[in-house]
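# Notes for the structure review
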Amino acid sequence: MIQLLRAMLDKTYETMKVSKPLQVLKQPIDAVDTFLFGTSQVTIAAPHIRDYIDNKRYMITVVLTIVPSAIAAIYFYGWRALAIIATSYIAGILAETVFSVIRKEVLSEGAFVSCIIYPLILPPTIPIWMAAVGIVFGLVFGKEVFGGTGKNIFNPAMVGRIFLTVTFPSTMTTTWQEPVKGFFGGFTAYSVDAVTSASPLINFRGSGEIPSYWNLFFGNISGSLGETCKLVIIIGGVILMLTKVANWRLPISYIVSAALFSFIMSLLMPKSFAPPLFQILSGGLLFGAMFMATDPVSAPFTNGGKWAYGIMLGIITVLIRGLTGFVEGVMFAIIFMNIFAPLIDRIALSIHYKGIKP
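To start, this report covers the structure provided alongside it. No experiment lies behind these values; they were computed from the predicted model shown.

Next up on the list: the packing of aromatic side chains. Evaluation of the coordinates by the stated rule reveals 15 aromatic pairs. Between F183 and F184, the aromatic rings sit 5.0 Å apart at their centres with planes inclined by 90°, giving edge-to-face as the arrangement. No difference in accessibility class separates F183 from F184, as the two residues are exposed. Seen in terms of ring centroids, F326 and F332 are 4.7 Å apart; in terms of plane orientation they differ by 50°. Their pairing is tilted. Here the aromatic cluster, defined as three or more aromatic residues joined through ring pairs, consists of Y75, F76, W79 and F187.

This is the structure in structure tokens:
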């Protein structure tokens, strides 16, 4: 199978050399080639390349740890969840390909991560066309206008989600579906029957109701596609931290600060601020802490900066949930802190290297 794929790719390269129209496909084909077989680049002097690990395989580790959350989304909400994910990839990769061709660059590996994170932070009832519009907007205005991967200051998936929230507030905030019931769940259905309910955060805002923590942890409750089963989110996040793809300081500081701050605020204003465990297990806090706040491009790169960044994310998330008209604060907290990531790194470096002017 591997030899067949290698032969097909080699044949495609030969065909592209003699056919100019096919050369527009070089960037996406290069991306597939590097992912499957590693980089072909070599060095004539130290440092030498010792492995096939590059940015694409680094990013695919993130994708693989998110896949269980995608499978959980299908289990809880039916195969329509897979259709939303597929739509995100088709529209997102197409948009990325257009920009890579225009810039004559290799297709960005970051798009593969954004295109799976984005659909998992959407409600299961979202129209397919709306999901496509959101990912294109997020990639174009959250990344490409800044110059592409590595130059953007915002998380593209978050930009797309916030754009939809502001543009289509009713669809994004008021319509939630209960998970499919039964042992096989959504694996036997395309979509959830027309059974709608408020999300746990909305219920708490309205009546102070706190659902079963068991249901919150295992996902048997309404919410966005990827925030259903907290178990698989935690497993994926732990793998990212153990493999050092994600720095443990950021998600841990985010979660702990949110828990501590919500504990204090729930004592002072119990009607507005939920208790710590509910804050952690409800909404997209865990998913955001593990897979979005740890984005290596839009987050600080210094260790001290990661601590400060995570602490502020936890505080801002809890404040937005408790004091504003939005019941969920994760996406706004991440986008807001994205702005200050370079400044946080600058301060952290100035403290670490005292007396040295930047």
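Now that the structure has been shown, we can carry on.
Here we take up the packing of helix α5 (residues 110–120) against helix α6 (residues 128–142). In a packed pair of helices, the relevant descriptors are the angle between the two axes and the axis-to-axis distance. Remark: α5 packs on α6, axes separated minimally by 11 Å, with the N-to-C direction vectors making an angle of 135°. By the angle class used here, α5 and α6 are oblique. α5 and α6 meet at a crossing whose hand is right-handed. Of α6, the residues touching α5 (which contributes S114, C115 and Y118) are M130, A131, G134, I135 and L139.

To continue, consider a nonpolar patch on the surface. Among the surface-exposed residues, I71, W79, L82, F183, F184, F187 and Y190 lie close enough to one another that they form a single nonpolar patch of about 780 Å² accessible area. Summarising the element assignment, W79 is placed in the loop between α3 (55–77) and α4 (80–103). Residue W79 is classed as partly exposed on the basis of its relative accessible area, which comes to 36%.

Moving on, we get to empty space enclosed by the protein. Scanning the model with the defined rule gives 4 cavities of 30 Å³ or more in all. Lining the largest cavity are 21 residues, and of these M59, V113, I117, D295 and P296 lie nearest its centre. At the level of elements, α3, α5 and α7 (156–167) are the ones that each hand at least two residues to the lining of the largest cavity. The leading source of residues in the lining of the largest cavity is α5, at 4 residues. Its residues assigned to classes, the lining of the largest cavity comprises 13 nonpolar, 6 polar and 2 charged. Approximately 70 Å³ is the volume attributed to the second largest cavity. Taken together, L201, F204, R205, S272, F273, A274, F278, Q279, R321 and V327 make up the lining of the second largest cavity. Taken together, the elements giving at least two residues each to the lining of the second largest cavity come down to α9 (200–207) and α13 (276–281). Looking at the lining of the second largest cavity element by element, the count peaks at 3 residues for α9.

So, how was this worked out
Residues numbered from 1 in each chain as written. Predicted model: local features only at pLDDT ≥ 70, side-chain atom pairs only at ≥ 80, totals over all residues. Heavy atoms only, no water. Phe/Tyr/Trp six-rings, centres within 6.5 Å; stacked < 30°, edge-to-face > 60°. Buried < 20%, exposed > 50% of the residue type's maximum accessible area, 1.4 Å probe, protein only. Axes fitted to C-alpha atoms, helices over the stretch in contact; angles between N-to-C directions. Helix = DSSP H or I, 4+ residues; strand = E, 2+ residues; numbered from the N terminus. Parallel < 35°, antiparallel > 145°, perpendicular 65-115°, else oblique. Left-handed = near helix turned anticlockwise from the far one by under 90°. Contact = heavy atoms within 4.5 Å. Patch = residues over 30% accessible without salt bridge, like charges linked within 9 Å, V, L, I, M, F, W, Y side chains within 5 Å. Areas by Shrake-Rupley, 256 points an atom, 1.4 Å probe, with all protein chains shown as cover. Salt bridge = Lys/Arg side-chain N within 4 Å of Asp/Glu carboxyl O. 1 Å grid on protein atoms, 1.4 Å probe; cavity = no way out; pocket = protein on both sides within 12 Å on 5 of 7 lines; lining within 4 Å. Points joined across faces, edges and corners; volume = space filled by probe spheres on them. Nonpolar A, V, L, I, M, F, W, Y, C, P; charged D, E, K, R; others polar.

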